[in-house]
Amino acid sequence: MTASTTTMKRAVLNAPRDLRIETVPVPELEPGDVLLRVESALICGTDLRIVDGTKTKNVSYPSVLGHEFAGEIVASEGALPDGLRIGERVAVYPLVQCGHCASCVRGLGNICRNRQAFGYQIDGGFAEYVRVPAVAVQAGNLVSVGDTPADVAAVIEPLACAYNGQRLIDAESARSMLVVGAGPLGQLHIRLARALGVEIVVAVDPAAHRREIALDSGATAALDPSRVTAELARELTDGDGFDTMVVAVGRADAMEPYLQMLAPGGRVNVFAGFPTGTDSVTIPANSVHYNETVIVGSSSCKLTDFVKVAELIRTGVIPGEGLVTAHLPIDELEQGLERAKQGIDLRISIDATIRPDSGATEGENA
């Protein structure tokens, strides 16, 4: 930010399907606030649902979307917390928790009923600059990422959500995992599982191109659902069945058939959200009972998950290359949203610093 910078571009959602690029004043800071120059903000499936009106809970209008983002600290109103400085690149943990409800007291701030989120309650990353309120600064929501490329740093948030789900099913101790759904989040689950040492990772998806990408992401096999049987599951796992399963698509018929393919003591993470009215799943109670099957949901991520994944990326345990497969200027956000609906890219970065006439770039790290 220079002394002459007084205005910025941002993408404002005024109502479902009413998204506009506006030029507005750079946010003014209040005591304790920090101003970020956004270097990369990623398009998430949640953004798609908010824009088309499928998700309305806790969404306020007008809203600046974008909850997966990273940027440079360019100003602060008051002293920065220890470990942060002007000019530093940070990733933003997107949840601001109340700190006093039952969930927060139990260390489960990610499911705080009173939480606020960047991207639909607090102005998010689809802008050139973002004001980070003092409460988020003091809570540790700005996580230093060192020299991690900005677009890779922005992927920390969805990867941390995947890490939360895999932590809850103790993926690090598993030999095998079935990932149901090889969309962008399913691909991140595959990469994460392999990074955590899971030996056998099998992806299931009806789309051939997603199965190909799954193999590139590290899956040991990628199968059409029509091919997956209990016999094949045993064959792929040396007769045991899958130790763990991640449900990365919100469809009951994409979850139920695979519950019988788990090993005794199998652990299931229901990672995806299900559309309202379609979330009824038939569970074989006797199988759960006699096999001691564990089924657990996960929602977003804890700050500790976020910090852990930032370190795994910074140290190269999780390779950052190829996580972001397209970059677009903020003026082309709507085109980016349409592209994201196709589910081909792992993540699309909206880079407010790219000029519209420069065109999109493919798979380049900022």
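What you see is a predicted model, and the numbers here were worked out from it, not measured in a lab.

Draft legend 1. Local environment of the overall build of the protein. On a plain count of helices and strands, the protein comes out with 11 helices and 18 strands. Relative to the compact-globule value of 21 Å for 366 residues, the protein shows a C-alpha radius of gyration of 21 Å, a close match. Each principal axis of the C-alpha distribution contributes one length, and for the protein these read about 65 × 45 × 40 Å. A burial count over the protein gives 52% of its 366 residues as buried. Sequence-distant contacts in the protein: of pairs separated by 6 or more residues, those separated by 24 or more amount to 69%. Counting every atom, the protein has about 15,700 Å² of accessible surface; 48% of that belongs to carbon and sulfur. When the 31 basic and 46 acidic side-chain charges of the protein are each reduced to a single mean position, those positions are 4 Å apart.

Draft legend 2. Structural view of the sheet that holds strand S2 (residues 18–25). Overall, antiparallel pairing links the three strands, which are arranged S2-S1-S4 in an open sheet. Each end of this open sheet is capped by a strand with a single partner; those strands are S2 and strand S4 (63–64). For strand S1 (residues 7–15) and S2, the ladder comprises eight bridges, and the chain directions are antiparallel. Directly across from Met-8, in S2, lies its bridge partner Val-24.

Draft legend 3. Expanded view of the nonpolar core. One finds Leu-36, Phe-118, Val-132, Leu-142, Ile-156 and Leu-159 to be the most contacted residues of the largest nonpolar core, which totals 83 residues. Per-element tally for this core: the top contributor is helix H5 (residues 156–168), with six residues. The next biggest cluster of nonpolar side chains, apart from the first, holds 23 residues, and it includes Leu-178, Leu-232, Ala-233 and Phe-274.

Draft legend 4. Here's a closer look at H5. With 13 residues, H5 should cover 18 Å at 1.5 Å per step; its first-to-last C-alpha distance of 18 Å lies within 8% of that length. Across the 13 residues that make up H5, a large majority, 11, are buried. Asp-170 sits one or two residues past H5 and shows a positive phi near 50°.

Draft legend 5. View of unusual backbone geometry. A cis amide bond links Tyr-61 with the next residue in sequence, Pro-62, at an omega value of -5°. Unusually for a residue other than glycine, Arg-17 sits at a positive phi of about 65°. Take Arg-17: it is sitting in the loop between S1 and S2. Using a relative accessible area of 62% as the deciding quantity, one classes Arg-17 as exposed.

Draft legend 6. Representation of the environment of Pro-284 within the structure. Within the secondary structure, Pro-284 is located in the loop between strand S15 (262–270) and helix H9 (285–291). Assessed through its relative accessible area of 23%, Pro-284 is described here as partly exposed. Other than its neighbours up to four places away in sequence, Pro-284 contacts Leu-259 and Gln-260.

Draft legend 7. Fine view of the side chain of Ser-287. Within the fold, Ser-287 resides in helix H9. Discounting residues that sit within four places of it in the chain, Ser-287 has contacts with Gln-260, Glu-292 and Thr-293.

Criteria and thresholds
- Residues numbered from 1 in each chain as written.
- Predicted model: local features only at pLDDT ≥ 70, side-chain atom pairs only at ≥ 80, totals over all residues.
- Heavy atoms only, no water.
- Helix = DSSP H or I, 4+ residues; strand = E, 2+ residues; numbered from the N terminus.
- Rg over C-alpha atoms; globule rule 2.2 N^0.38 Å.
- Buried < 20%, exposed > 50% of the residue type's maximum accessible area, 1.4 Å probe, protein only.
- Contact = heavy atoms within 4.5 Å.
- Areas by Shrake-Rupley, 256 points an atom, 1.4 Å probe, with all protein chains shown as cover.
- Lys, Arg positive; Asp, Glu negative; His and termini not counted.
- Charge placed at Lys NZ, Arg CZ, Asp CG, Glu CD.
- Pairing = 2+ DSSP bridges.
- Core = buried A, V, L, I, M, F, W, Y, C linked by side-chain atoms within 4.5 Å.
- Expected span 1.5 Å × (residues − 1).

Any functional reading would require information that these geometric values do not contain.
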